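Reading the structure
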4 protein chains.
Amino acid sequence: MEKMRANVFRGKNDIRVEEVERPRAGVGEAVIRVTLTTICGTDLHILRGEYPVRPGLVIGHEPVGVIEELGPGVTGYSVGERVLVGAITPCGQCRACLSGHLSQCGHGEGYEATGGWRFGNTIDGAQAEYLRVPYAQANLARIPDELTDEQVELLADIASTGFSGAESAGVKIGDTVVVYAQGTIGLCATAGAKLMGAGLVVGVDGDSNRLSVARRMGADVVLDYRECDPVAEVLKLTGGGADVAIEALGAQETFENSLRSLRPGGTLSSLGVYSGKLQIPYDAFAAGLGDHRIVTTLCPGGKERMRRLMEVVRRGRVDLTPLITHTFSLEEIGKGYEVFGGRTEGVLKVAVKP
Amino acid sequence: MEKMRANVFRGKNDIRVEEVERPRAGVGEAVIRVTLTTICGTDLHILRGEYPVRPGLVIGHEPVGVIEELGPGVTGYSVGERVLVGAITPCGQCRACLSGHLSQCGHGEGYEATGGWRFGNTIDGAQAEYLRVPYAQANLARIPDELTDEQVELLADIASTGFSGAESAGVKIGDTVVVYAQGTIGLCATAGAKLMGAGLVVGVDGDSNRLSVARRMGADVVLDYRECDPVAEVLKLTGGGADVAIEALGAQETFENSLRSLRPGGTLSSLGVYSGKLQIPYDAFAAGLGDHRIVTTLCPGGKERMRRLMEVVRRGRVDLTPLITHTFSLEEIGKGYEVFGGRTEGVLKVAVKP
Amino acid sequence: MEKMRANVFRGKNDIRVEEVERPRAGVGEAVIRVTLTTICGTDLHILRGEYPVRPGLVIGHEPVGVIEELGPGVTGYSVGERVLVGAITPCGQCRACLSGHLSQCGHGEGYEATGGWRFGNTIDGAQAEYLRVPYAQANLARIPDELTDEQVELLADIASTGFSGAESAGVKIGDTVVVYAQGTIGLCATAGAKLMGAGLVVGVDGDSNRLSVARRMGADVVLDYRECDPVAEVLKLTGGGADVAIEALGAQETFENSLRSLRPGGTLSSLGVYSGKLQIPYDAFAAGLGDHRIVTTLCPGGKERMRRLMEVVRRGRVDLTPLITHTFSLEEIGKGYEVFGGRTEGVLKVAVKP
Amino acid sequence: MEKMRANVFRGKNDIRVEEVERPRAGVGEAVIRVTLTTICGTDLHILRGEYPVRPGLVIGHEPVGVIEELGPGVTGYSVGERVLVGAITPCGQCRACLSGHLSQCGHGEGYEATGGWRFGNTIDGAQAEYLRVPYAQANLARIPDELTDEQVELLADIASTGFSGAESAGVKIGDTVVVYAQGTIGLCATAGAKLMGAGLVVGVDGDSNRLSVARRMGADVVLDYRECDPVAEVLKLTGGGADVAIEALGAQETFENSLRSLRPGGTLSSLGVYSGKLQIPYDAFAAGLGDHRIVTTLCPGGKERMRRLMEVVRRGRVDLTPLITHTFSLEEIGKGYEVFGGRTEGVLKVAVKP
C-alpha cells in the first residue's frame, strides 16, 4: 500500500505531519497530487479544538494540484491536467444542488448540517501530498496555462467567499459599500465590491497594515476604528447610510456596526462565523420599518464557479497574490500555523507547498 | 372655517372624537371624504403611549374615500371619484422613491426615520370625515365600480404588508411556507403565500378561531403551538425545513422559531415590529454556514401598488372581507378600540364608518 | 437477452410497436418499468419527419413508472418505488447544470445542441415497457402515495414547460397576463400565471372547446380570435398593454400579437417552437425604446423540479387531469397518434399505458 | 420678454441658431442655464427628417448646467447649484414610474408612445442657453464640486444607456461579454461590462480607431469584422458562446451576430434602434430550445440614477472624457453637426458650449 506525507489532526493543539495511506479514486472520484494549498482560519479553530473533527483526519481545504488518477465514471479529463478544486465539493445531483444551493449540498434527499464542506472536515483534506476528490465530475476546474498556482490558490475558498459577500448583497453600479474587518475574507470582499462596480468602497479595520492592503485591493476610503467612530463616518460619507455593509469578522460589534451603517432598505451581507448569541438591536434593525435585508453566504463551490473566478484573475481584474505573505513546505507547516495563528510578521495568508 | 369630526390623540390613553378644522388641499395635494377606515394595531400602540405622536393629531392610516378637492398640479382626477389611498404615501421623486424603495420615501435628498408613513403619524390621519392626501398624484388609486369599500379597505396596509411578506421572500411555485402568528397580518401573509403558488402553507398560532380563519385564507396545515412543537412539526412536514418562514408577530420566540424552521438557504421574512433587543441564536443562524436570508418589509405604497392589489381582489383571487369582523361609526370609535384592544368577540379587524 | 415491447421510429410516417431489447442500468443509471406515458406534439413532428431522430429509436419522453433496477453509484432509492422522471434529464455536474441551466445540460465541458433532452431524441424513450434513465441520482422523483399516475403525468413536460412560461416571465401579484394559443402548453401556462398570482389572465384561441377548458384552468377572460381582434381587446382590458404575454404556439402571428399586446417594459415569454425565420416588426418591438424583454424557456428538469410540481398538485393548487382526454394501451398507440395528430374528438393530451 | 440663443429645428436638413423666448419655470419646474451639452445620434436622425419632431423645437437632450430659477413646489435646491439632468425626465408619480420603469414615464394613468424622453422631442431641448426642466424635484442631480462638466456630460444619456446594456443583461462576475459595434454607446457598454466584473469583454467593430478606444474603455480582446468572422471568434474564445452579447448599432447583421454568439441560456441585450423588420433566424434563436433572453433598454433617468453614475466617475472607476473628441460653441454648432454627421476627424462625441 502506497504512503504519503500529510498533516493530521491528532487532538486539541496537536497536529502532526505523518506518513498516511495514499488515497485511491473510487467511482466518480479523482485523486490529485497537491501542488499548493493553504492554512485557513478554520484550520486554526480545528487545531484549538473550537471546531470538532475526528482525530486522524488530514486537514486543509484549499487545493491546487495535478490529476493523478481518475475513478470510473469521470469523463472528459486526463491525468496530468492542472486543476483547482473548491473548498466546497457539491455533488450536483441532490435537492440542494438542483435548487442552485451548491454550498448546501446534502448528497441524498435531505440536507446535511455541514453543507457541502467535506475536505478537512468530514473527509481527508488538502494539507497532504495527495487528495481524493469526491464528485470529481462537478469539481475539477482546469487551470489555464498562463496562471500560476499562486494566482488561483485563494479562489478555492477565501476569495470565492469574499466576492460572494458582494454578490449575495447584489452590489450594483454606484452602490456605496462598507466592509467591516479587513482580514483576508474582508479584503476579498473589498475587492469583490469594487469588481462589481460599487461607487464607493469603505474598508474598516484597526490594523494599519491591513488598511494599507485594503487600499490596494480597492477600498476608496479606509477607516481605522481606533481613530474614529466608523458608523458615524460611514453615515457622513454616504449621506445617510451605505447601500451595503459586509461583515467579515464574526463578532457582535462588527455585526451591529454593519447594521447601523445601512441606509433604509440597505443590505447587510454577513460572512463572519459567530459564536454565542448575536443580538440585533431593535433601534438599528427596526424590523419591518427599515426594509433591511440580512444575507449570509457559505463559500460557493463547483468547477464552474472556479472557472469563472479564474477568468477574472486571468483578465487582470483582480490580483490576489499580495494576500499570500508566507509560504512553507509541508514538513514545515507547523511554523506556518505559528505565524498564522500568532498574526505576526504582517501575515495575511500562509501557503503550503507539499 | 369649516369643521369636521375626527378622532384625536390627546395623550396616553386619551383619544377623543372632536370637532377640528377641515383640511384644504395645497399644491400637489388632495382632500378626500373618508367613507371607510379602520383601527390598526399601531393605533393601539399610539393610544397606549408606546409609539409617540404629537397630541392633537388625528390618527388612523387606512383610508377609502371620495375625492372632495384637488390641489393645484394634480391632474387626471375628478372630484367625486372613489379612491383607495395606501397607508404609506410616497412622493415618487426623492432618492428612496427613485430607487424603488417607495416605503422609505424621505422626500428630499436624504431619508427620514419614519419612511413614508405619514397619516396618523406625522400628519393628520384617516379616522375623520376628511383627509388631506400629500403627493396626491402618486397616491390616489381609483376603485373599480364593482368593488365595495369593504372589499378594498384592507389593501391599504394590512394586506399589502402581509402579501409583501411573501413577495419579499420571493415565494416560488412549490415552495413550503410557514407563517408564525395568524393575526390579520399573518393571515394576509398566509393568503399571499398561497397566491404566489406555494406548494404547502403552514399557519401557526395558539388561537383556535384564528387557526380556522387561517385555513380559510389558504393554510393547508395549521399548527396550534399549545398542542405541539411547531418547529419540529414544520421540519417533519417539509422534510428538513421550510423554504420560507414569515414572522408576523414581532416577538423573540416567533422570530427564533421562524429561523429554526428554515432549510439551509431558506428565507426568513420578518413583518413584526419588535421591541427591545432581538437575539439570533448562533446555532440556528449559523451565519455564513446556513446561507440564510432575513428580509424585512415595510408596507409598500403608491397608487400602482393599490391598483394591482385591487385587481387581485376583483378577479376573486382572494377575499379579505372575512377579516373585518366589526364595524363602528366614527362617533362610536371608542367602542371599537375597546373590542380591538381587548381581543374579545373573536375580533380580527375593526372598520370605522365616518 | 430479455425483450420488451416498445414504440419504434422506423422512418417518416412509420412507427411500429415492436419487440426490442430490454435496457439494463449502467453506472449511475436506473431502469424503470413505465406505468404511464404520453404522446407529445414533438412525437408528431418526429413521426412526420419534421424533427430528425435515428431510425430504430424508441420515442416518447414523459415517463411515470416504478424503479426496476438501480445501477452502481445510485444511492438512496429502492427497487419498487414509484417515480416521475422529467422529459429533460440533467446530469447536474456540467458547466450548464452548475450554472443553474439544467435544461441546457451538456454533460461535459461544453454545450450540446439539444440541451438535456435525451429520451426519444438521442436515447431510447418512454413509449415502452421499460426505460433506462441516465443520471438517475438527479432525475428520479418519488411520487407521493396519495397521487395517481394520471395526476402527475403531465408534470414531466407539458405542465413544467407551461408553468415555466409564467415563471420565466417573472409574473408578479396583480400582473395582467395574456396567453396566445390554448393547446396543452398554453393551458398550463394559463394555469401557471394564475398560480403565481396574476390579477387578470386572458386566454386566446380559435377553438371553443379549448377556450372553455382555458376558463377551467384559470383564464378570467377568453378571447376567440375568430370573433375579435385579440390585440385590441387586450389593450383595452389592460388599459394600455399586458405586463406579460405568453406565446404557446410557435407561429409568426401569435409571436407578433404577443409583442403588440405588451405594455412598455412588458415581457414576452416564448414557449413555441418556430420554423423558418421569425420577424420582429420594428414598430412593435421598438428595440431600445420599449424596454421589452423576450424570454424563452426549455422545459426545466431534474428531480427537485418534479418534486415541487407534485407538491402543487398534492395541495390541490392545480388539477391537470382534465387535459388527458384519451388513454390507449401501448399496443394501440397507433390509434392514439391518429386521434392526437388529427385533433379530432376534442383531444387535448393522449396518455399511453404500457 | 427675455430672449436667448438656441438651436432650432426648422425642417428637414434645416436647423438654425436663433433668438427664441427664454423659458420660465412653472409649478414643479426649474430652469437651468446650460453650461455644456452635446449632439447625439438621434439629433442627426431629427435633422435628416428620419425622426419626426415639430418645426420650431429646440433640440438636444444631454444637459449640464446651473440652476437659474425654481418653480413653486420644488424644494431642497438653490439657484446657482450645478446640476446634471438626464435625457429622460421621469415624473416619479405615474403608473410606469411607480413600477420602477422610469424611462417609460407616461405621466398620467396610461403610457405615452415616447416614454419619458421629452427634451428636444416633445418639449424644448438642451442646445440652448436656458432649459426648462419638468418634474424638477425628480430630475435635478447635484454635481460634486470635484467633477468638471466634461466628466459628467455623457452620463445624461450615452453612458447611462451603455452601462444599462450591461445592467439589463445582469452581467455577473466572470461572465464573458461581447459588444457588437463600438460607437459611443457600444464603448460605454464595453466599459459597463467591465465595471460589473465581466471576466472577458470582447469589442467588435470595423473601425481601427474605435477598436483602439474600445481597448482603453475595457475590452480585453477586440475583433475587426473586416479581418475575421466575429461570431466564430467569439465561440472559440468563450468555449461555446458568450454569456452576454450587447447589440449597440441597430442593424439586422449585428443583431443576428449577437444572437449567434450566445451560449445556450445566454442573454442578448439590445440597445440599437432598428428600422424596418428585424429577423430572428430560427436556427439561432431556437425559441424554446435555447433558453435565450432578449432584453431592450431605454436610457434610465431620474436624479438618483445620475447621482450613482457620478459616484462611479468620482471614484475613478471609469473615465468618459476620451469620448468627447470635439467641442464647439453654440453659435458654431452647425460645424459640429457636420463633423459628427460625416464621421470625419475620428469623431466620437461632439460637445457644445452655449
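As the structure is a computational prediction, the values presented were derived from the model and not from experiment.

Each value, and the rule that gives it
- Residues numbered from 1 in each chain as written.
- Chains lettered and ligands numbered in written order.
- Predicted model: local features only at pLDDT ≥ 70, side-chain atom pairs only at ≥ 80, totals over all residues.
- Heavy atoms only, no water.
- Helix = DSSP H or I, 4+ residues; strand = E, 2+ residues; numbered from the N terminus.
- Rg over C-alpha atoms; globule rule 2.2 N^0.38 Å.
- Buried < 20%, exposed > 50% of the residue type's maximum accessible area, 1.4 Å probe, protein only.
- Contact = heavy atoms within 4.5 Å.
- Areas by Shrake-Rupley, 256 points an atom, 1.4 Å probe, with all protein chains shown as cover.
- Lys, Arg positive; Asp, Glu negative; His and termini not counted.
- Charge placed at Lys NZ, Arg CZ, Asp CG, Glu CD.
- Pairing = 2+ DSSP bridges.
- Axes fitted to C-alpha atoms, helices over the stretch in contact; angles between N-to-C directions.
- Disulfide = S-S within 2.5 Å.
- Least-squares fit on C-alpha atoms with pLDDT ≥ 70 in both.
- Salt bridge = Lys/Arg side-chain N within 4 Å of Asp/Glu carboxyl O.
- Buried area = accessible area lost by both parts, 1.4 Å probe.
- Polar contact = N/O pair within 3.5 Å; in protein donor to acceptor, adjacent residues only side chain to side chain.
- Right-handed = clockwise from strand over helix to strand, strands pointing away.
- Parallel < 35°, antiparallel > 145°, perpendicular 65-115°, else oblique.
- Left-handed = near helix turned anticlockwise from the far one by under 90°.
- Nonpolar A, V, L, I, M, F, W, Y, C, P; charged D, E, K, R; others polar.
- pLDDT = per-residue confidence, 0-100.

1. So, the overall build of chain A
- Regarding its fold elements, chain A presents 12 helices and 16 strands.
- The C-alpha radius of gyration computed for chain A amounts to 20 Å, which stays within 12% of the reference 20 Å derived for 354 residues, consistent with globular compactness.
- Dimensions of chain A along its principal axes, counting C-alpha atoms only, are 65 × 45 × 40 Å.
- The proportion of buried residues among the 354 residues of chain A is 66%.
- In chain A, of all internal contacts separated by at least 6 residues, the share reaching a separation of at least 24 is 68%.
- When the accessible area of chain A is evaluated, it comes to approximately 11400 Å², of which 48% is carbon and sulfur surface.
- Computed over 37 positive and 44 negative side-chain charges, the separation of the two mean positions in chain A equals 2 Å.

2. Some points on the sheet that holds strand E10 (residues 221-224) of chain C
- Read from one edge of the open sheet, 12 strands run E10(C)-E9(C)-E8(C)-E11(C)-E12(C)-E14(C)-E15(D)-E13(D)-E12(D)-E9(D)-E10(D)-E11(D), paired in mixed fashion. Looking along the sheet, the strands with just one partner apiece sit at the ends: E10 of chain C together with strand E11 (221-224) of chain D. When strand polarity is set aside, the average angle formed by the axes of neighbouring strands in this sheet is 20 degrees.
- Relative to strand E11 (residues 242-247) of chain C, strand E8 (residues 176-180) of chain C is paired through 4 bridges, and the arrangement is parallel. The residue bridging valine 179 of chain C from the neighbouring strand is isoleucine 246 of chain C, located in E11 of chain C.

3. Side note on the state of the cysteines
- With the rule as written, the count across this model stands at 0 disulfides over all chains.
- Looking at cysteine 97 of chain D, it has no disulfide partner, and the nearest cysteine sulfur is the one in cysteine 94 of chain D, 3.8 Å off.

4. What to know about the relation of the copies chain C and chain B
- Between chain C and chain B, the superposition needs a rotation of 180 degrees and an axial shift of 0.0 Å, giving an RMSD of 0.0 Å. Overall, the copies show the geometry of a two-fold rotation axis. Every residue of chain C has its C-alpha some distance from the rotation axis, and the shortest such distance is that of methionine 196 of chain C, at 2.1 Å.

5. Here we look at the pattern of salt bridges
Residues and elements named next belong to chain B.
- Within this structure, the stated rule accounts for 114 salt bridges over all chains.
- A salt bridge links arginine 314 to glutamate 146; the shortest N-O distance between them is 3.0 Å. Of this pair, arginine 314 sits in helix H11 (residues 303-314) while glutamate 146 sits in the loop between strand E8 (141-142) and helix H4 (149-153), and the two are 168 residues apart along the sequence.

6. Details of the interface of chain C and chain B
- Each partner contributes to the interface: chain C provides 23 residues, whereas chain B provides 23 residues.
- Between chain C and chain B, the buried area comes to about 2000 Å², and carbon and sulfur atoms account for 50% of it.
- Note that arginine 317 of chain B and aspartate 220 of chain C form a salt bridge whose closest N and O atoms lie 2.7 Å from each other.
- Counting every contact that joins chain C to chain B gives 10 residue pairs in polar contact (both at pLDDT 80 or more).
- Every element with two or more residues in the side of chain C that touches chain B is listed here: helix H5 (158-169), helix H6 (184-195), strand E9 (200-205) and helix H11 (303-314) of chain C.
- If you tally residues by element for the side of chain C that touches chain B, the top one is H11 of chain C, at 4 residues.

7. Some details on the sheet that holds strand E2 (residues 14-21) of chain B
Residues and elements named next belong to chain B.
- Spatial ordering of the open sheet is given by E2-E1-E4, a layout of 3 strands whose pairing is antiparallel. One side of each edge strand has no neighbouring strand; the edge strands of this open sheet are E2 and strand E4 (57-58).
- Summarising the sheet, strand E1 (residues 3-11) and E4 pair through 2 bridges and their orientation is antiparallel. Looking at the pairing, valine 8 lines up with valine 58 of E4.

8. A closer look at the pairing of strand E9 (residues 176-180) of chain B
Residue and element names in this part refer to chain B.
- Most of E9 is tucked away, with 5 of its 5 residues classed as buried.
- Residues of E9 alternate between two faces, with Thr176, Val178 and Tyr180 on one and Val177 and Val179 on the opposite face, all of them buried.
- With 5 bridges joining them, E9 and strand E10 (residues 200-205) adopt parallel strand pairing. Following the sheet pairing, tyrosine 180 is matched in E10 by valine 204.
- Handedness of the crossover is the feature at issue here: the chain leaves E9, passes through helix H6 (residues 184-195), returns alongside E10, and the resulting connection is right-handed.

9. A few points about the packing of H6 of chain B against helix H7 (residues 208-217) of chain B
Residues and elements named next belong to chain B.
- Following both chains from N to C, one finds H6 and H7 inclined at 25 degrees, their axes separated by 9 Å at the closest point. Between H6 and H7, the crossing angle belongs to the class labelled roughly parallel. Between H6 and H7 lies a crossing whose hand is right-handed. Residues Leu187, Thr190 and Ala191 of H6 lie in contact with H7, whose contacting residues are Arg210, Val213, Ala214 and Met217.
- The class makeup of the residues in the contact of H6 with H7 is 5 nonpolar, 1 polar and 1 charged.

10. Here's the deal with the confidence of the model for chain A
- For chain A, per-residue confidence averages 93 on the pLDDT scale, and 95% of positions sit at 70 or higher.
- Predicted complex metrics record ipTM = 0.94 and pTM = 0.96.

11. What about the environment of valine 231 of chain C?
All names here are of chain C.
- As for its position among the elements, valine 231 is in helix H8 (residues 230-238).
- Residue valine 231 is classed as buried on the basis of its relative accessible area of 10%.
- Distance in space between the C-alpha atoms of valine 231 and glycine 302 is 37 Å, their sequence separation being 71 residues.
- With near-sequence residues (within four places) excluded, valine 231 lies in contact with Tyr180, Asn257, Arg260 and Ser261.

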